[in-house]
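Understanding the architecture of this molecule
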There are 2 protein chains.
Amino acid sequence: MLQSAAKVLSFASATSVSRGIAAGIRHYCKNTPTKLRVSQALSGAELGSNIKVQGWVRSVRAQKANVFLHVNDGSSLQSLQVVASSELSDPLLTFGSAVEVTGILKKSPHQKQPVELDAKQINVVGECNPSDMALSIFANFLISGAEQMLLDNGFVEINTPIITSNDCEGAGELFQVEPSGPDYADGENFFSVPAYLTVSGQLHLEVVSGAFSKVYTFGPTFRAENSQSRRHLAEFYMVEAEISFTQSLEDLTKVMEDMFRFATEHVLAHCVEDVDLFHKHVTPGHREYLVSFLRITYREAIDILRRSSERFAFPTDWGCDLKTEHEKYLVKHCGNIPVFVTDYPYDLKPFYARDNQDHPERTAAAVDLLVPGVGELCGGSLREERLNLLSARLEEAGLEDVYSWYLDLRRFGSVPHGGFGLGFERYLQCILGVDNIKDVVPFPRFSHSCLL
Amino acid sequence: MLQSAAKVLSFASATSVSRGIAAGIRHYCKNTPTKLRVSQALSGAELGSNIKVQGWVRSVRAQKANVFLHVNDGSSLQSLQVVASSELSDPLLTFGSAVEVTGILKKSPHQKQPVELDAKQINVVGECNPSDMALSIFANFLISGAEQMLLDNGFVEINTPIITSNDCEGAGELFQVEPSGPDYADGENFFSVPAYLTVSGQLHLEVVSGAFSKVYTFGPTFRAENSQSRRHLAEFYMVEAEISFTQSLEDLTKVMEDMFRFATEHVLAHCVEDVDLFHKHVTPGHREYLVSFLRITYREAIDILRRSSERFAFPTDWGCDLKTEHEKYLVKHCGNIPVFVTDYPYDLKPFYARDNQDHPERTAAAVDLLVPGVGELCGGSLREERLNLLSARLEEAGLEDVYSWYLDLRRFGSVPHGGFGLGFERYLQCILGVDNIKDVVPFPRFSHSCLL
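Named according to an unreviewed UniProt entry, chain A is asparagine--tRNA ligase originating from Astatotilapia calliptera. Per UniProt, the comment on chain A under Sequence similarities (unreviewed entry) is "Belongs to the class-II aminoacyl-tRNA synthetase family."

Put into structure tokens, the structure is as follows:
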């Protein structure tokens, strides 16, 4: 009896407890705000709900009865309008301060925005005294379109090393790397050999292309150029691809064109607002870049430049390198669309470019892609896969010992192959119409400047 | 009349021309082999078709009437068996040579492989004399699972700079960067200030997390450690994430755990064969890592170590740093699953770790993730967002001038935030069961070694 009484009691209390818990949960669910990002709130899906938004104040406007705030958390270019009664106002509620706002998401009576947040509570999490403020932050989205296209086409991503013992083309624009600090002051190299920051992942890609056929890398590259130009950074990103069994420059320019198109369509599809914002401040019509690509030879490019009435600072004889002024002129001349220039003089190109053996001019199977506003965006070539020709050229340059491992690649299962590199910041410049390359990266590095 | 006769003639000839073209196309389609990758050929979808495969010879076996080859192009771990009559044999057809094989894809009579290529033509593209061969190439796939999880959860990818003027935590293990070559021998810094290779993108991520709320970077980091250990490289990759409005270590370990799970499931789903190959040579059962994560405090970790009968080389008193031997013991003790260790002594952690203000012990809101086979895989913390506390600690360390910009982040819209970094090569070691970190990257860099 005692036992069953206890059971009844316990059952009753358990029921009331569970009732209490259920009521509590209902109460909790009704009153606990759903945490939303600003972009989610703007979508209007949670209209009528109790929500919480966390972000930074972009503007404050006080009226008699109400305070209006714009709050942004970086998830959208548009900010969320917050309406609060004056009682919720706070002297700490300033431009740049960090806030948590809780309230009901409502349809806005104004046409400018679809929704607004009727604030019940505003919590200033981080103060921001605007009179002291001196920070300005550039930030960028890096676009996955180019990588998507490569992965869809069977390319394997390889991280080529940043530190390398190759000094690549013997160019004098390398950064050298050694440990800092007193432990390493004895003059011995940390890596036993002089080591540099990579200027290109190409040679390493050539190694692994002999195992995976189609490979690419997307990573930082470095040039110690003492330049303050609008097209150069000391640290910049390149997409580089290398393709085994490539027979002609057409095989290569096909991949370059596909990548450019796919990536550009990807950006325009996913970042409409960002692109529109930039296009308000620059020439519109960037979409037309997708329409067509032109292909001319270096010989034709020289003919165009020589026929032009333009006065160039640099010479335009056959055998001269194309400078930025020439590249920009060629793009304009061709109707302001991307232009492939192929078959450069053999002597202008590095040792790995494939000899076209077209005497007497002698050109190499190399190609540059020139684009509006920027000039050179990509450079590529078929690689000299014939052991005897490569070996002779390296010997001529006195590089046969340093590159003996590279010659070995031609000894053991060599195949016709080629590849190219695309400068990523220049690509962003081209798509967004940004004049200065330093404006498309958050922390630009160039001579005399390395902030933070 | 003449006109209509001409029309009839032209119509007749046009018809015969178009007939000829159609026949030509049929002939062409029937006889032009479809170019397939080895993985596509193995799928069997093109059974009975005339196909062409390009790749490298993995084995050659000659019998009386036939030659058997295994050809691989890196698209699959499995090679394609090629059967050719002895007449197609060639002394240049050796291990490692590059070939193009054309023929009919047939069902294989042997159980070992589903299909085989009945060769009509074999073309040796690149010779490979096996007696000279000395090359061995390590290559790796880098996995996109971790990034996928972060992007799906609203994180924005930021490329933090590789070259930086921060010497971060004042650690002495930095690589310094200056141009090589005679132009820069005057002792002036290229960037006007001493510049280093980054040891972590954290501080830069903290800057941009104030605009995008949730950010991450996946990039190379560097330590000039004179170490030959199986867990250290001079150049390695980290996934680092930073999250605004993070209130507790639980918020952080949730993201770490989700990322580890998602990435691991991603690898196991997409690279079954690769993982199986590795598991043949190591302990199986790696899938169990996904089952559960344990969480202990540093205090509990010290208690476990002190109660153990194991003899450790390093001390295990409260306040001592956990060494690899301790980390590996803790993981084993906890059942060989990933273990979060939280709330380390304040004095062990860098200036940015948040003070738990739990006197007298005084710990910081920092967390490490230890995993089987490796030990420390991730390190993270809440960041000290309170201006007065951070400012006092920097002053104590004499760093208040160097980090004045970092203090500014606490002045202008500061929010509670936190983040973590995951060592990518160690993560690969853990998943694949590879003992030495140098074996999971194609071009490992460590003291006294920088090949190619």
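Still to come is the rest of the account.
1. Overview of the overall build of chain A
Secondary structure summary: chain A contains eleven helices and 17 strands in total. Looking at chain A residue by residue over its 452 residues, the buried ones come to 51%. For chain A, the proportion of contacts with a sequence separation of at least 24, taken over those separated by at least 6, is 66%. In the structure as shown, chain A presents an accessible area of about 21,100 Å², 52% of it carried by carbon and sulfur atoms.

2. Focus: the side chain of A:Asn436
For A:Asn436, the location among the structural elements is in the segment after α11 (424–432). Non-local contacts of A:Asn436, meaning those with residues more than four positions away in its chain, are made with A:Arg230 and A:Gln429.

3. What about the packing of helix α9 (residues 387–396) of chain B against helix α10 (residues 404–411) of chain B?
When two helices pack together, their arrangement is given by the angle between the helix axes and the distance between those axes. Residue and element names in this part refer to chain B. Relative to each other, α9 and α10 sit at 170°, their axes nearing to 9 Å. Comparing their axes, α10 and α9 come out roughly antiparallel. Of the two elements, α9 crosses α10, and the hand of that crossing is left-handed. Contacts between α9 and α10 pair Leu 387, Leu 390, Ser 391 and Leu 394 from the former with Tyr 406, Leu 407, Arg 410 and Arg 411 from the latter. Considered class by class, the residues forming the contact of α9 with α10 number five nonpolar, one polar and two charged.

4. Here we look at the side chain of A:Thr221
Residues and elements named next belong to chain A. When you line up the elements, Thr 221 lands in strand β11 (residues 214–222). The exposure class assigned to Thr 221 is buried, which follows from its relative accessible area of 2%. With near-sequence residues (within four places) excluded, Thr 221 lies in contact with Thr 198, Val 199, Ser 200, Ala 234, Glu 235, Phe 236, Met 238 and Glu 240.

5. Thoughts on unusual backbone geometry
In this structure, the amide linkage connecting A:His359 to the following residue, A:Pro360, adopts the cis form with an omega of 5°. Residue placement: A:Pro360 occurs in the loop between β14 (339–345) and β15 (363–371). Even without a glycine there, the phi angle at A:His448 is positive, about 70°. Looking at the element boundaries, A:His448 is found in the segment after α11. With a phi angle near 65°, B:Leu452 is a residue other than glycine that sits in the positive phi range. By secondary structure assignment, the location of B:Leu452 is in the segment after α11 (424–432).

6. Things to note about the interface of chain B and chain A
Contact with chain B, which involves 93 residues of that partner, is made by 93 residues of chain A. Counting the surface lost from both chain B and chain A, the interface buries some 7,400 Å², and carbon and sulfur atoms represent 64% of this. Counting the surface chain B buries against chain A, the share from its top three residues, B:Phe245, B:Phe412 and B:Leu452, is 10%. For the interface between chain B and chain A, the tally reads 32 residue pairs in polar contact (both at pLDDT 80 or more). Per-element tally for the side of chain B that touches chain A: the top contributor is helix α4 (residues 202–212) of chain B, with seven residues. Residue composition of the side of chain B that touches chain A, by class: 49 nonpolar, 30 polar and 14 charged. Alignment of strand β9 (residues 175–179) of chain A against strand β9 (residues 175–179) of chain B, held across five bridges, turns out to be antiparallel. Paired with A:Val177 across the two strands is B:Val177, which belongs to β9(B).

The rules behind the values
Residues numbered from 1 in each chain as written. Chains lettered and ligands numbered in written order. Predicted model: local features only at pLDDT ≥ 70, side-chain atom pairs only at ≥ 80, totals over all residues. Heavy atoms only, no water. UniProt positions renumbered as here; feature names shortened; annotations may be inferred. Helix = DSSP H or I, 4+ residues; strand = E, 2+ residues; numbered from the N terminus. Buried < 20%, exposed > 50% of the residue type's maximum accessible area, 1.4 Å probe, protein only. Contact = heavy atoms within 4.5 Å. Areas by Shrake-Rupley, 256 points an atom, 1.4 Å probe, with all protein chains shown as cover. Axes fitted to C-alpha atoms, helices over the stretch in contact; angles between N-to-C directions. Parallel < 35°, antiparallel > 145°, perpendicular 65-115°, else oblique. Left-handed = near helix turned anticlockwise from the far one by under 90°. Nonpolar A, V, L, I, M, F, W, Y, C, P; charged D, E, K, R; others polar. Buried area = accessible area lost by both parts, 1.4 Å probe. Polar contact = N/O pair within 3.5 Å; in protein donor to acceptor, adjacent residues only side chain to side chain. Pairing = 2+ DSSP bridges.

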